[in-house]
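# Geometric and topological summary
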There are 2 protein chains.
Amino acid sequence: MTVQLLNARDMDFLLYEFLDTEGLLQRPRYCEHSREVFDATLETAKTIAEKYFANHNHKGDEQEPTFDGERVQMIPETKEAWDHFADAGFLAAHYDFEDGGMQLPEIILRAAMAYFSAANTATAGYPCLSLGAANLIQSFGSDEQKAKFIPPMQEGRFAGTMAMTEPGQGSALADITTKAVPQADGSYLITGQKMFISGGDQSITENIIHMTLAKIEGAPAGVKGISLFIVPKFLVNDDGSQGERNDVALAGLLHKMGFRNTTSTVLSFGEKGGAVGYLVGEPHKGLAYMFQMMNEARIFVGSTAAVLGYQGFNASLEYARERPQGRLPSNKDPESKQIPIVQHADVRRMLLAQKAYVEGSLALCLYASSLFEDSHTADTPEARQQAFMLLDLLTPIVKSWPSKYALKANDLAIQVLGGSGYIREYPVEQYYRDNRLNPIHEGTEAIHGLDILGRKVPMGNMAAYELFVKAVEATAAEAAARETTSEMGQSLLAALGKLSRLNAVLLPMLAKDPDLGLANATLYLDVFGRITASWIWLQQANIAAAKLAEEGALSVDDANFYQGKLQAARYYLEWELPEIDPQIALLESHNSVPFDMQDAWF
Amino acid sequence: MTVQLLNARDMDFLLYEFLDTEGLLQRPRYCEHSREVFDATLETAKTIAEKYFANHNHKGDEQEPTFDGERVQMIPETKEAWDHFADAGFLAAHYDFEDGGMQLPEIILRAAMAYFSAANTATAGYPCLSLGAANLIQSFGSDEQKAKFIPPMQEGRFAGTMAMTEPGQGSALADITTKAVPQADGSYLITGQKMFISGGDQSITENIIHMTLAKIEGAPAGVKGISLFIVPKFLVNDDGSQGERNDVALAGLLHKMGFRNTTSTVLSFGEKGGAVGYLVGEPHKGLAYMFQMMNEARIFVGSTAAVLGYQGFNASLEYARERPQGRLPSNKDPESKQIPIVQHADVRRMLLAQKAYVEGSLALCLYASSLFEDSHTADTPEARQQAFMLLDLLTPIVKSWPSKYALKANDLAIQVLGGSGYIREYPVEQYYRDNRLNPIHEGTEAIHGLDILGRKVPMGNMAAYELFVKAVEATAAEAAARETTSEMGQSLLAALGKLSRLNAVLLPMLAKDPDLGLANATLYLDVFGRITASWIWLQQANIAAAKLAEEGALSVDDANFYQGKLQAARYYLEWELPEIDPQIALLESHNSVPFDMQDAWF
């Protein structure tokens, strides 16, 4: 079963109707581009993704990487895919012209990446990580570091990783124990062990640059003592040629449920005395730097979840249209023809829910990329600042909502296929396994719950939250003024009011009793997510309703497309948004049933 | 990581406090037994399960069965497990003494099976299917058929399967096309193809008995033309010795996401002219007979889901108690000791939700087995009839609720382990993959939604539903009269009232517009499931509260145990039951957003 990659009509809608991507052409950085350049970039991405990534999505799952003690063995298609990706310039595309790039906007790069991840999320993991690692050097590295490491990363000769997690601490970065000892030449010797390092070793590139968190001897305890280092697999001579093997060894591969063609590694630093590392920026500021990569990675995780959900939706829709089975309850004639299952009410529900989750997720992630873009290139400092604040507020949602609900979409895709959904002869079970990683890495749901309730909403005297409220109110007001969307506008406005009242109850408790105050933060994250998703859907509904109201201008295909958007918005606001009511009741009462549970009672 | 099989204290509670299993000893069929016999049976099951089933749960997943064109190749531990199961007498235990059995009650057999499924759900699949197939012959076969096939099935020389599904119809059995042509000797020649047949071929037993649905030439269309046949893999001579190979061939194996050590097969009947089959009972009544096996299988599926969830709970609880990571939000001292993650509020929530799902599921399934028992051996015809009706009503819930929520428990178990939960080095990801089958087979969620709303609730002028209402009211009344449980009793009573009012709105629509009336049946199933689960939990809470109120009689362990039951009940009734409110609002308004969605709008 060949599954269509995303949906070009929807991508078009999201970039050019839902978002004003064409408006970027007015900004100085993009004045030499055109919509044709953007579209051609996406077309190239889609073509390479179809040809060199989708071809081994199943194979890379069935024949995962292995380690023979010397080298990582991988199916050869992986390197081929990497090479085509690099040759097409995607590792450099977003850099300025003067830095060897094509000066493409973030959102076009992210839309392009969506095609690669949709085709083969595991193989696409390598370039994604590498892009993030190079961005980190570009932002915080010295000129010398940039000159030495970025060009080979742009060319695809080197790949990059983020080496944070250790066996002993998991998500609690404050407790990392990897040690850095300063050397006379200004470098450091790094010793310690890192775990769950994606792409930590592979047989694709000639070198790997590990962006590594470690504590310099004598550093303060906790997060204030973390520094960031460049630790290459092979040292790089001053002329750029390969130097000797650095003291970073692959201790072993981990064997994942899905996402298998991305290696997950345990790395040992300094088994032979110490791995050479180069400090990035200032000492003890590593976590702050790394947050840039993590925040990028969080949008990327949301986006990966979205497109995995999207592929399951595409596959199950195609199956439901082609698979005849059973009859409507009203038809009691056993000799009548079977109907395609898309005509069964519950199958339609499962497809519509998927549509709401996956198109909503992709819209949310592209919106986040547009905020990222605006935070760098919007016309005024105020606009840049506001975009930054909104993105900062919403990052936990952008990471978590797709990870939860596009995974739920994959679950529904399996259910639409029934028994066929459960077997590896069809692609949907792999999407489900691949996607299960996304609620875990780059911060579990719990961590993002703590982040949004404990930090993002209260920050700056709720300034970012107030921006969010204004934006949602504007969308709701537009919807309320139009008959077809009026009820949805009112529902969203009511929900927003409930959220603001909830904040007034919860935030005082954070100071009074932070443990109880944050106890139900994951539930709060879900409430915030449902309201955000409703907002994203209502924006799409507003556009669709306006288009449908235009007289006689629409083709049949366009009319169907906008009707679908409207119906998915209705589904989300009528079926999923109201679940916030019992959730808010629990939150407002500081329900402590799980909090009060004792270990001994289990 | 060795995971404890279920929880002996809870099993004891469920059998002897929640249910009155000891009371069975008063019935004539069990008067020669004792509680010691019951307990020894479970102890034997647990011992064999630990030694011969748990040992290859992971291995059977990593080295799934293969087909070399001649034979199915399986890891040898599978046959060893089967042999120990058979040697211990579990394939015959529930038969009467005079039929070669041990006359053990259904509920003890099911509790024993729970240990095997917990240890290795895939390997346990073979005996479970075989038990059901033999029961079918025992209930509906001729004396000759019983004499020929049941003894070797009791001994474990033959295994049994249920061969219903075909490539062309999936769940819509009305449309099967497998054909049976009567022969002069009274047998039939069967031709056709069956798909997704679990255990349809294997290398464990010397023969396999396929309980096969087919249509006799000239039979009426639809379900009224389906007959049931015994189709052995090898014909059996009159003296019981193996005859020639029957014309049933393994066309291929299907490759599942989980549950891998149970083969899933495509079988071809009659490639060489026709497979010999023997009609069971009367022609055209096959589906009614098969429903016995399906109903048994449905309880078994619920129970398998429950114990897979249970194992995930056990594994994640153990991990959470041992894994140190991070500190409470109130503790800002980075030099203080890390705490075990069970102390984090959100981890406790995830563990408590798992406890509610999995102990609730197991309680529900054992309750169903007790109804099955009562429907056969209760003292009066009225009591037997009432048990039958309640079981008939609740079978869709018993199958679906654990399949949905114990799977959700497995999802939470992964989340508790974080990155470790996603790798095959830990057991929880396999439980999740194994369990994903359960919402599909033996009727998808949608089918059980249609069944409960369209048939079970209205049947007999709602007589079974009224029995359910009385039972729930009694539990709620007991709870309402006690301070610690009073609020829960009131909540459940209110929910029950809402359900009855909902029925009054929905049932008239079934006649008026069955397509719309049944459109949201899956949602109704979830509402009914939440209320049933709340009832199951409130019964447990009543017992726990009564025990805790006894003065000074409890050991610390018992007090902790009952506190845990009470807290899990509170969790379920406060966190999960209230979600019926938005669901009921959608149902009562006959919300038609998914129903109105058009294929062309996707």
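Just so we're clear, the structure is a prediction, and the values are computed from it rather than from any experiment.

### Quick word on the overall build of chain A
Looking only at helices and strands, chain A features 19 helices and 12 strands. What you see for chain A is a C-alpha radius of gyration of 25 Å, in line with the 25 Å of a compact globule of 602 residues. Dimensions of chain A along its principal axes, counting C-alpha atoms only, are 80 × 60 × 55 Å. Within chain A, buried positions represent 64% of all 602 residues. Of the contacts made within chain A by residues no fewer than 6 positions apart, 75% connect residues no fewer than 24 positions apart. Here chain A has roughly 20800 Å² of accessible surface; of this, 51% comes from carbon and sulfur atoms. The positive charge centre, built from 50 side chains, and the negative charge centre, built from 76, are 4 Å apart in chain A.

### Some thoughts on the relation of the copies chain B and chain A
For the match of chain B to chain A, the screw axis carries a shift of 0.0 Å, the RMSD comes to 0.0 Å, and the turn is 180°. Given the turn and translation reported, the copies of this chain are related as if by a two-fold rotation axis. Rotation axis and chain B: the residue whose C-alpha lies nearest the axis is B:E579, separated from it by 3.4 Å. The overlap is high: 100% of the interface residues of chain B also sit at the interface in chain A, so the same surface is used on both sides.

### Examining the packing of aromatic side chains
Any aromatic ring pair is given by two values, namely how distant the centres are and how the planes are angled relative to each other. Residue and element names in this part refer to chain A. Counted by the stated rule, this structure contains 51 aromatic pairs over all chains. Measuring from ring centre to ring centre gives 5.4 Å for F13 and F561, while their planes differ by 70°; the resulting arrangement is edge-to-face. With F13 in helix α1 (residues 8-18) and F561 in helix α17 (residues 556-576), this residue pair connects regions lying 548 residues apart in the sequence. We classify F561 as buried; its relative accessible area is 10%. Taken together, a centroid distance of 5.2 Å and an interplanar angle of 35° make the contact between W401 and Y405 tilted. Of the two residues, W401 and Y405 are both situated in helix α10 (residues 381-417); the distance of four residues between them amounts to about one turn of the helix. Judged by its relative accessible area of 4%, W401 is buried. Following the ring pairs from residue to residue traces out a cluster consisting of Y367, Y465, F468, Y524, F528 and W535. Of note, R245 hangs over the ring of F234, and the distance from its end group to the ring centre comes to 5.4 Å.

### Notes on the interface of chain B and chain A
Every contact between the two is made by 92 residues of chain B and, on the other side, 92 residues of chain A. Summing both sides of the interface, chain B and chain A together bury roughly 8200 Å²; the carbon and sulfur share of this comes to 59%. Counting the surface chain B buries against chain A, the share from its top three residues, B:Y422, B:W575 and B:F602, is 11%. Inspection of the region where chain B meets chain A yields eight salt bridges. Of the charged contacts in the structure, one is a salt bridge between B:R327 and A:D175, with a shortest N-O distance of 2.7 Å. Inspection of the region where chain B meets chain A yields 49 residue pairs in polar contact (both at pLDDT 80 or more).

### Considerations on the nonpolar core
Soluble, globular proteins show a tendency: their nonpolar side chains are buried together. A:F468, A:F528, B:F468 and B:F528 are the most contacted members of the largest nonpolar core, which totals 344 residues. Discounting residues that sit within four places of it in the chain, B:F468 has contacts with B:L390, B:L393, B:L394, B:L496, B:L499, B:F528, B:I531, B:T532 and B:W535.

### Focus on the pattern of salt bridges
Residue and element names in this part refer to chain A. What the rule picks out here adds up to 78 salt bridges over all chains. Two residues, R9 and E17, come together in a salt bridge whose shortest N-O distance is 3.4 Å. Given a relative accessible area of 24%, R9 falls into the partly exposed group. Within this structure, K404, D526, R530, E576 and E579 form a network of salt bridges that share partners.

### A look at the packing of helix α6 (residues 121-140) of chain A against helix α7 (residues 143-155) of chain A
All names here are of chain A. Direction vectors running N to C along α6 and α7 enclose 160°, while the axes themselves pass 10 Å from each other. The orientation of α6 relative to α7 falls into the category roughly antiparallel. The two elements α6 and α7 cross, and the hand of that crossing is left-handed. Across the interface between the two elements, S130, A133, A134, I137 and Q138 of α6 pack against Q145, K146, F149, I150 and M153 of α7.

### What about the UniProt feature "domain: Acyl-CoA oxidase/dehydrogenase middle" (unreviewed entry) in chain A?
Mapped onto this numbering, the UniProt entry gives "domain: Acyl-CoA oxidase/dehydrogenase middle" (unreviewed entry) at residues 162-265 of chain A. For residues 162-265 of chain A, the end-to-end C-alpha separation is 12 Å, with 0% helix and 48% strand making up the annotated structure.

### Points about the pairing of strand β6 (residues 207-216) of chain A
Residues and elements named next belong to chain A. Burial within β6 is extensive, with 10 of its 10 residues counted as buried. Neither face of β6 is open: one carries N207, I209, M211, L213 and K215, the other I208, H210, T212, A214 and I216, and all of them are buried. In this sheet, β6 lies alongside strand β3 (residues 158-163) in parallel orientation, the contact comprising six bridges. Residue pairing in the sheet places A159 in a bridge with I208 of β6. In terms of strand pairing, strand β4 (residues 179-182) meets β6 through two bridges, oriented parallel. Residue pairing in the sheet places K179 in a bridge with K215 of β6. Across seven bridges, the pairing between β6 and strand β7 (residues 226-232) is antiparallel. Each bridged residue has a counterpart across the sheet, and for K215 the counterpart in β7 is I226.

### Quick notes on the state of the cysteines
Per the counting criterion, the structure on display carries zero disulfides over all chains. There is no disulfide at A:C128, and the cysteine sulfur nearest it, in A:C365, is 12 Å away.

### Details of α10(A)
Every α-helical turn comprises 3.6 residues, leaving residues that sit three or four positions apart pointing alike. Residue and element names in this part refer to chain A. Over its 37 residues, α10 runs 51 Å from end to end, which matches the ideal 54 Å to within 8%, given 1.5 Å per residue. Roughly 50° is the biggest bend found in α10, and it falls at L394, with proline P396 one to four residues downstream. Among the 37 residues that make up α10, 27 are buried, leaving the element largely enclosed by the rest of the structure. A positive backbone phi angle near 60° is found at G418, which sits one or two residues after α10.

### Focus on the packing of helix α10 (residues 381-417) of chain B against helix α11 (residues 428-435) of chain B
Residues and elements named next belong to chain B. Two numbers describe how α10 lies on α11: the axes approach to 9 Å, and their chain directions differ by 160°. Judged on the interaxial angle alone, α11 and α10 are roughly antiparallel. Where α10 crosses over α11, the two elements pack in a sense that is left-handed. Taken together, the residues of α11 that come into contact with α10 (itself represented by A406, L407, N410, D411, A413, I414 and L417) are V428, E429, Y431, Y432 and N435.

### Details of the UniProt feature "domain: Acyl-CoA dehydrogenase/oxidase C-terminal" (unreviewed entry) in chain A
In the numbering adopted here, UniProt assigns the feature "domain: Acyl-CoA dehydrogenase/oxidase C-terminal" (unreviewed entry) to residues 285-452 of chain A. For residues 285-452 of chain A, the end-to-end C-alpha separation is 22 Å, with 73% helix and 0% strand making up the annotated structure.

### Focus on the side chain of A:T205
Residues and elements named next belong to chain A. In this fold, T205 is placed in the loop between β5 (188-198) and β6. Side-chain polar atoms of T205 contact the side chain of Q202, separated by 2.9 Å. Among residues more than four places away in sequence, those in contact with T205 are W82, G156, R157, F158 and A159.

### So, unusual backbone geometry
All names here are of chain A. Despite not being glycine, E442 has its phi angle at roughly 55°, a positive value. Among the residues examined, E442 registers a relative accessible area of 16% and is labelled buried. The backbone of M462 shows a phi angle near 65°, a positive value even though the residue is not glycine. Structurally, M462 is set in helix α13 (residues 459-480).

### Quick look at the side chain of B:E442
Residues and elements named next belong to chain B. Its location among the elements puts E442 in the loop between α11 and α12 (445-456). The charged side chain of E442 is buried without a salt bridge, its nearest counter-charge being R298 at 4.7 Å. Non-local contacts of E442, meaning those with residues more than four positions away in its chain, are made with M162, M294, A297, R298, V301, K399 and H448.

Calculation notes
- Residues numbered from 1 in each chain as written.
- Chains lettered and ligands numbered in written order.
- Predicted model: local features only at pLDDT ≥ 70, side-chain atom pairs only at ≥ 80, totals over all residues.
- Heavy atoms only, no water.
- Helix = DSSP H or I, 4+ residues; strand = E, 2+ residues; numbered from the N terminus.
- Rg over C-alpha atoms; globule rule 2.2 N^0.38 Å.
- Buried < 20%, exposed > 50% of the residue type's maximum accessible area, 1.4 Å probe, protein only.
- Contact = heavy atoms within 4.5 Å.
- Areas by Shrake-Rupley, 256 points an atom, 1.4 Å probe, with all protein chains shown as cover.
- Lys, Arg positive; Asp, Glu negative; His and termini not counted.
- Charge placed at Lys NZ, Arg CZ, Asp CG, Glu CD.
- Least-squares fit on C-alpha atoms with pLDDT ≥ 70 in both.
- Phe/Tyr/Trp six-rings, centres within 6.5 Å; stacked < 30°, edge-to-face > 60°.
- Lys NZ or Arg CZ within 6 Å of the ring centre and 35° of its normal.
- Buried area = accessible area lost by both parts, 1.4 Å probe.
- Salt bridge = Lys/Arg side-chain N within 4 Å of Asp/Glu carboxyl O.
- Polar contact = N/O pair within 3.5 Å; in protein donor to acceptor, adjacent residues only side chain to side chain.
- Core = buried A, V, L, I, M, F, W, Y, C linked by side-chain atoms within 4.5 Å.
- Axes fitted to C-alpha atoms, helices over the stretch in contact; angles between N-to-C directions.
- Parallel < 35°, antiparallel > 145°, perpendicular 65-115°, else oblique.
- Left-handed = near helix turned anticlockwise from the far one by under 90°.
- UniProt positions renumbered as here; feature names shortened; annotations may be inferred.
- Pairing = 2+ DSSP bridges.
- Disulfide = S-S within 2.5 Å.
- Expected span 1.5 Å × (residues − 1).
- Bend = angle between axes of the 7 residues up to and from the residue.

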